[in-house]
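# Architecture and fold: a report
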Amino acid sequence: MQEWIQWKNSVKNNIDDCRGVKCLNGGTCEDGIASFTCKCKNGFNGKFCKNNIDDCRGVKCLNGGTCEDGISSFTCKCKNGFNGEFCQNNIDDCRGVKCLNGGTCEDGIASFTCKCKNGFNGKFCKNNIDDCRGVKCLNGGTCEDGIASFTCQCKRGFNGKFCKNNIDDCRGVKCLNGGTCEDGIASFTCQCKRGFNGKFCQNNIDDCRGVKCLNGGTCEDGIASFTCKCKNGFNGKFCKNNIDDCKRVRCLNGGTCKDGIASFTCQCKPGFSGKFCQVPSCHPNPCQNGGKCLKHGNAIRCWCKQGYEGRFCETSVKECNYHCSSQRGWCRIMGTDGRIYDNYCQFERAQCKNKSLRIKKKLCGYW
């Protein structure tokens, strides 16, 4: 009953229930009938607008974002790399990024990656990768870095990826006169047969250089040899030898052979002449002790002076016995007519006589 009376009185006299009421957070008090209402600003509630309404209720922030309640609002606090009301956007981290040397930018989450072309690396593909690292060029070659490649710069005479191969410098080379090609380093050598020289063995070595052929001989060059062409009468490697022209020569009648130059001479005994001493001759006089040489046909005879006898008057006797003293003896009789007559002995020590002639002089001798 009392409450009704109070309501009746309050209606009659509306008491300001907002007196002393403090609505919070900007809320405003509205007086009622024995009541008040705090009209809260957007985002607040509660009797006195004390409560900040949880605007994150039912909100889902994406990509790991977290919701932060505001005043009649919410904010998704996005993880690095995302944005948008609900962190739904992956931020384009490639914006403004320039990848070098043909690289392309790939967006990540709060990051980017430059996808480099082969041969480059680094954050922006700035670095040319050293492709020579660990590469060993052989035979003095040097490595030159390329783009995703390397090149061995070989020394002259080598080739191949690592300069391993000795180039065959003999390819296409023709060594002459039987020479053979030997490959070197950026070179070749023709190994010449004896008697030749020159780069291609084209030269016949002058084997006559420094050779002295004697006695007028002349040197003829051969192949790794020489020949002395000797003048007539000489032989030997250097024409040093005088050929013995007396070999196979027989000088007759006791003659002796004397060698010359491409000739010989028979040194004849007295009474003979001719190339082989085959001709009886009175020049020079073979008769000794003043004997006189007479040619008789193909023979010679000596007229000996008184007191000598023998074929060449070589025997001294007291007087001529006018007898033949050998089987081949003879006696010569000079007649009074001045002519000379020969008597030949038929028997040993036959008497030398001629009865038919008047003997002027008797000579004894041999033939």
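Criteria and cut-off values
Each chain carries its own residue numbering, running from 1 in the written order of its sequence. For this predicted model, a pLDDT threshold of at least 70 governs which residues receive local features, and a threshold of 80 or more governs which side-chain atom pairs are given and counted, while totals over whole chains, interfaces and linings are taken from all residues. The basis for the side-chain values is all heavy atoms of the structure; hydrogens and waters are excluded. UniProt positions are given in the numbering used here, feature names are shortened, and annotations may be inferred rather than shown by experiment. Helix and strand assignments come from DSSP, with helices taken as H or I runs of at least 4 residues and strands as E runs of at least 2, each series counted from the N terminus. The rule is simple: take the accessible area with a 1.4 Å probe, protein chains only, and divide by the maximum for that residue type; under 20% is buried, over 50% is exposed, in between is partly exposed. Contacts were defined at the residue level, with two residues in contact if any of their heavy atoms lie within 4.5 Å. Surface exposure here means Shrake-Rupley accessible area, sampled with a 1.4 Å probe, where a residue is shielded only by the protein chains that are shown. We define a nonpolar core as any set of buried Ala, Val, Leu, Ile, Met, Phe, Trp, Tyr and Cys residues linked to one another through side-chain atoms lying within 4.5 Å. The disulfide criterion used throughout: a pair of cysteine sulfur atoms within 2.5 Å. Should DSSP find at least two bridges between two strands, the strands are taken to pair. Put simply, two rings from Phe, Tyr or Trp (the six-membered ring, in Trp's case) pair if the centres are within 6.5 Å, and we call them stacked under 30 degrees between planes, edge-to-face over 60, tilted for the rest. pLDDT measures how confident the predictor is about each residue, on a scale from 0 to 100. Only four residue types enter the charge count, namely Lys and Arg as positive and Asp and Glu as negative; His and the chain termini do not. Salt bridge, as applied in this entry: a Lys or Arg side-chain nitrogen positioned within 4 Å of an Asp or Glu carboxyl oxygen. In protein, a polar contact means a hydrogen-donor-capable atom and an acceptor-capable atom, both N or O and within 3.5 Å, with residues adjacent in sequence counting only if both atoms are side-chain atoms; elsewhere, any N or O pair within 3.5 Å suffices.

If you check an unreviewed UniProt entry, the protein chain appears there as EGF-like domain-containing protein from Clytia hemisphaerica. The protein chain has a UniProt comment under Subcellular location (unreviewed entry) that states "Membrane".

The next subject is the overall build of the protein chain. Looking only at helices and strands, the protein chain features one helix and 35 strands. Counting every position in the protein chain, which comprises 367 residues, the buried fraction comes to 28%. A sequence separation of at least 24 residues applies to 25% of the contacts in the protein chain between residues at least 6 apart. When the accessible surface of the protein chain is totalled, it reaches about 24900 Å², and 47% of it is carbon and sulfur.

The subject of this paragraph is the nonpolar core. In terms of nonpolar packing, the biggest core is built from eight residues, these being Cys-282, Cys-287, Cys-293, Ile-300, Cys-302, Cys-304, Phe-312 and Cys-313. If sequence neighbours within four positions are ignored, Cys-282 has contacts with Cys-293, Leu-294, Lys-295 and Ile-300.

With respect to the secondary-structure elements, Gly-179 resides in the loop between β16 (165–166) and β17 (180–183). The buried category is assigned to Gly-179, whose relative accessible area is 14%. With 17 residues separating them in the primary sequence, Gly-179 and Phe-196 have C-alpha atoms 8.5 Å apart. Not counting residues up to four positions away in its chain, the partners in contact with Gly-179 are Gln-191, Cys-192, Lys-193 and Cys-201.

What follows concerns the UniProt feature "domain: EGF-like" (unreviewed entry) in the protein chain. Within this numbering scheme, the UniProt entry marks residues 14–50, 52–88, 90–126, 128–164, 166–202, 204–240, 242–278 and 279–314 as carrying the feature "domain: EGF-like" (unreviewed entry). Between the C-alpha atoms that bound residues 90–126 there is a distance of 26 Å. The span itself is 0% helix and 30% strand. Annotated as residues 128–164, this span is 0% helix and 30% strand, and its ends, taken at the C-alpha atoms, are 26 Å apart.

Turning to the state of the cysteines, a few remarks are in order. Under the defined criterion, the tally for this structure stands at 24 disulfides. Between Cys-154 and Cys-163 runs a disulfide, and the two sulfur atoms are separated by 2.1 Å. Disulfide Cys-154 to Cys-163: torsion about the S-S bond roughly -90 degrees, handedness left-handed. With relative accessibility at 0%, the residue Cys-163 sits in the buried group.

A few words now on the pairing of strand β2 (residues 36–39). Regular strands have side chains that alternate between both faces of the sheet. Burial along β2 is one-sided: the residues Phe-36 and Cys-38 are buried and none of Thr-37 and Lys-39 is. Here four bridges tie strand β1 (residues 28–31) to β2, and the two strands are oriented antiparallel to one another. Within the sheet, the bridge partner assigned to Glu-30 lies in β2 and is Thr-37. Counting the residues between successive antiparallel strands, the hairpin from β1 to β2 contains four residues, one of them, Ala-34, with a positive phi of roughly 60 degrees.

This paragraph deals with the packing of aromatic side chains. Following the criterion strictly, the structure yields seven aromatic pairs and no others. Relative to Phe-86, the ring of Phe-74 lies with its centre 5.8 Å away and its plane at 35 degrees, an arrangement referred to as tilted. In this pair, Phe-74 sits in strand β6 (residues 74–77) while Phe-86 sits in the loop between β7 (82–83) and β8 (89–90), placing the two residues 12 residues apart along the sequence. Given the relative accessible area of 22%, Phe-74 is considered partly exposed.

Take the side chain of Ser-281 next. Positionally, Ser-281 belongs in the loop between β28 (279–280) and β29 (292–296). The buried category is assigned to Ser-281, whose relative accessible area is 10%. In this structure Ser-281 touches Gly-271, Phe-272, Ser-273, Pro-286 and Ile-300, once residues within four positions along its chain are discounted.

On average, residues of the protein chain score 85 in pLDDT, and 83% of them reach the 70 mark or higher. Confidence over residues 319–329 falls short of pLDDT 50; this stretch has 31 contacts with residues more than four positions distant or in other chains. pLDDT under 50 marks residues 344–367. Its contacts with residues more than four places away, or in other chains, come to 69 contacts.

Next up on the list: the side chain of Asp-207. Along the chain, the position of Asp-207 falls in the loop between β20 (203–204) and β21 (218–221). Within the buried core, Asp-207 has no salt-bridge partner, and the shortest N-O distance to an opposite charge, that of Arg-194, equals 6.6 Å. At 3.3 Å, the side chain of Asp-207 forms a polar contact with the backbone nitrogen of Ala-224. Apart from the residues lying within four places of it in its own chain, the contact partners of Asp-207 are Asp-221, Gly-222, Ile-223, Ala-224, Ser-225 and Phe-226.

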